[in-house]
Structures are given as structure tokens and as C-alpha cells.
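Structure assessment
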Amino acid sequence: MNHRRLEKGFVHVYTGNGKGKTTAALGLALRAIGHGYRVFMLQFMKGSKEYGEIKATEKYLPELTIVQSGLETFVDKENPSPEDIALARQGLDMARKVIMEGNYDLVILDEINVAVDFDLIPLDAVLDLIRNKPTHVELILTGRYAHPKIIKAADVVTEMHLINHPYYDGIEARKGIEY
């Protein structure tokens, strides 16, 4: 493989109730691609091909691989379906394989914090990924409800704080902006 490698990859956590966690991760992906790095994104709890990042990647960004590991419907935190759990665990297995192979320089685990909070995947498995990732891999974990142990294990932590959002005025999520 003849592309650049990071000398030291860090672990980032983008969490909080504000908008912009996935967007920030995608911005970092775009920046990394611009410098010749390979990027992999696994989206937990998402299964819709309507997300703008999926369409853009297919059309413009072959250096960014995005895999979704979820259903198109929302997960019921109090009663996740067996399929929700199975898809999240399959996603975790894929993430582990991708990270440990070390072929990607930047790996984004989108909504993994929510998957942990909803008990779809075990916290210890995520902490194990953080501890054992190859040195050159930059790892991004997004989603609300980041566990304190994940926050402690990270090198960079950003909390998106919600101040205002049109959702509270009854405005639905907009194509190209929220998804």
C-alpha cells in the first residue's frame, strides 16, 4: 500500500445533544481524504440509503467507504428488536476487523455511543477497540450519551451543546441538512 500513514492516530469522541456529531466526523473524513488518507465509516443504527453522505460517497468519494449496520426504523431503547441487536453486533465485528487490519487511516464509528447506551453492543468491546487499535489509525466515535469510560479513554472529546433547533418549532428533518 503506497499511501500516507499517520504517525500517531488519536481517538476522538463527538457527543452531546446538539446537532453536528456525524457532520463533524464527515468533515474530518473529507480533510483526511484531501491529504491522501483512506477513510472507513460504519454507521450503527442507520439503514437508509437516503443519507446525503451515502449518495455523495457513491458519486464523488471512492476513498470513503461507508457501511450501514442498522434498520431504517428507530431503535426502541427499552425494547430493541433481536434484529437491532444482531445488526449492531455484526457492525461491531466488522469495525473490529477493519480497525485491526489497519488498511484505513481514519475509522469513524458513527452512533456507536448510542449503540452502547441502548445495550446493543457491550461497552467493554468498544474500550477494547480503543486500547488495541493500530498506532496509525485515527478513530472517531460519534453519538449522544458517550459513556464516561469512553470519554476517559479518548484523546479528543467534543460535546455538541444544543441551544436551539427548528425541530422544536415542528420542522421535520430536512434532506441534505439533517440527513
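For the structure given in this document, a descriptive report is provided here. (Residues numbered from 1 in each chain as written. Predicted model: local features only at pLDDT ≥ 70, side-chain atom pairs only at ≥ 80, totals over all residues. Heavy atoms only, no water.)

This part covers the nonpolar core. In this structure, Phe44, Val107, Leu109 and Ile121 are the most contacted members of the largest nonpolar core, which totals 34 residues. Of all the elements, helix 5 (residues 123-132) adds the most residues to this core, at six residues. Apart from residues lying up to four places away in sequence, Phe44 is in contact with Ser69, Ala88, Gly91, Leu92, Leu109, Asp110, Glu111, Ile112, Ala115 and Ile121. Within the second largest apolar cluster, 17 residues are counted, among which are Tyr14, Ala25, Tyr51 and Leu64. (Core = buried A, V, L, I, M, F, W, Y, C linked by side-chain atoms within 4.5 Å. Buried < 20%, exposed > 50% of the residue type's maximum accessible area, 1.4 Å probe, protein only. Helix = DSSP H or I, 4+ residues; strand = E, 2+ residues; numbered from the N terminus. Contact = heavy atoms within 4.5 Å.)

For the rest of this paragraph, the subject is the packing of aromatic side chains. Evaluation of the coordinates by the stated rule reveals three aromatic pairs. Judged by centre distance (6.4 Å) and plane angle (85°), the ring pair of Tyr51 and Tyr179 falls under edge-to-face. Pair noted here: Tyr51 is in the loop between strand 2 (39-44) and helix 2 (52-60) and Tyr179 is in the segment after strand 6 (156-159), with a separation of 128 residues, a long-range link. For Tyr179, a relative accessible area of 28% puts it in the partly exposed group. Both rings, one in Tyr167 and one in Tyr168, keep their centres 5.5 Å apart while their planes meet at 80°; by these two values the pair is edge-to-face. We classify Tyr167 as exposed; its relative accessible area is 57%. Across from the ring centre of Tyr104, 4.5 Å away, lies the NZ or CZ of Arg38, which sits over that ring. (Phe/Tyr/Trp six-rings, centres within 6.5 Å; stacked < 30°, edge-to-face > 60°. Lys NZ or Arg CZ within 6 Å of the ring centre and 35° of its normal.)

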